[in-house]
Amino acid sequence: MENTRIEQELLKLKEYMYNFAFSLTLNKSDAEDLLQETFLKVLDNQEKFTQDVNFKGWVTTIMKNLFINNYRRVLQEQSILDTPEDRDGMEYLREMPLGGDGILAEKEISRSIAALPEEYEKPFRMHLEGFKYEEIAQELALPVGTVKSRIFAARKRLQNQYQQDYRG
């Protein structure tokens, strides 16, 4: 596909891709960032697109992979300051398959987080969004230790769910 045609096709997909990004991030600003990052990646790699591949599927896969990689990066960066026990709970993310039919779909990640009890889900989601423990504690009117404990518990629950769902 030629450059202008790729750009035209991306513009046609903009609303669909924004909605998909929002379903993954559950945040307007993050969805806009993911959409922009996806479009840049598509434009930077347009020579890799072949005519026999569904363009919408190709772009959606790029977005999905960017979301997974960003999710992993955020968790790893945020766990740098955590205790060694917290970091041990992150091993399952590095073991997630990334290709073919084994991709852990972002919707599954979002659903898994949303399925956590509210007392765990809210601090965990805030932590993923980049809030510091102290900020989460202040927002939720909880002690910092409780916030850390709930985030750790959420990670463990997600890890256990992953192990049950994907390791058999």
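Residues numbered from 1 in each chain as written. Predicted model: local features only at pLDDT ≥ 70, side-chain atom pairs only at ≥ 80, totals over all residues. Heavy atoms only, no water.

*Asks:* Requested: an account of the pattern of salt bridges, with residues and values cited.
*Replies:* Following the criterion strictly, the structure yields two salt bridges and no others. The salt bridge partner of E9 is K12, with a shortest N-O separation of 3.3 Å. Of the two residues, E9 and K12 are both situated in helix α1 (residues 3-25); the distance of three residues between them amounts to about one turn of the helix. The closest approach of N and O atoms between E121 and R125, which form a salt bridge, is 2.6 Å. (Salt bridge = Lys/Arg side-chain N within 4 Å of Asp/Glu carboxyl O. Helix = DSSP H or I, 4+ residues; strand = E, 2+ residues; numbered from the N terminus.)

*Asks:* Run through the packing of aromatic side chains, naming residues and quoting values.
*Replies:* Using the criterion set out here, one finds five aromatic pairs in the structure. Geometrically, the ring pair formed by F55 and W58 is tilted, given 6.1 Å between the ring centres and 40° between the ring planes. You can see F55 and its partner W58 sitting in helix α3 (residues 55-79), three residues apart, about one turn around the helix. Pair check on accessibility: F55 and W58 agree, each one buried. Site record: aromatic cluster; members linked through ring pairs are F49, F55 and W58. Stacked on the ring of Y16, the Lys or Arg K56 has its end atom at 4.0 Å from the ring centre. (Phe/Tyr/Trp six-rings, centres within 6.5 Å; stacked < 30°, edge-to-face > 60°. Buried < 20%, exposed > 50% of the residue type's maximum accessible area, 1.4 Å probe, protein only. Lys NZ or Arg CZ within 6 Å of the ring centre and 35° of its normal.)

*Asks:* Give a description of the nonpolar core that names residues and reports values.
*Replies:* Inside soluble globular proteins, nonpolar side chains tend to come together where they are buried. Residues M17, V42, F55, V59, M63, I113 and F124 are the most contacted members of the largest nonpolar core, which totals 35 residues. Of all the elements in the fold, those that place two or more residues in this core are α1, α2 (28-44), α3, α6 (106-114), α7 (118-128), α8 (133-140) and α9 (144-166). Top element by residues in this core is α3. It accounts for eight residues. Sequence-distant contacts of M63, defined by excluding residues within four places in its chain, comprise M17, F20, A21, L24, L34, L35 and T38. (Core = buried A, V, L, I, M, F, W, Y, C linked by side-chain atoms within 4.5 Å. Contact = heavy atoms within 4.5 Å.)

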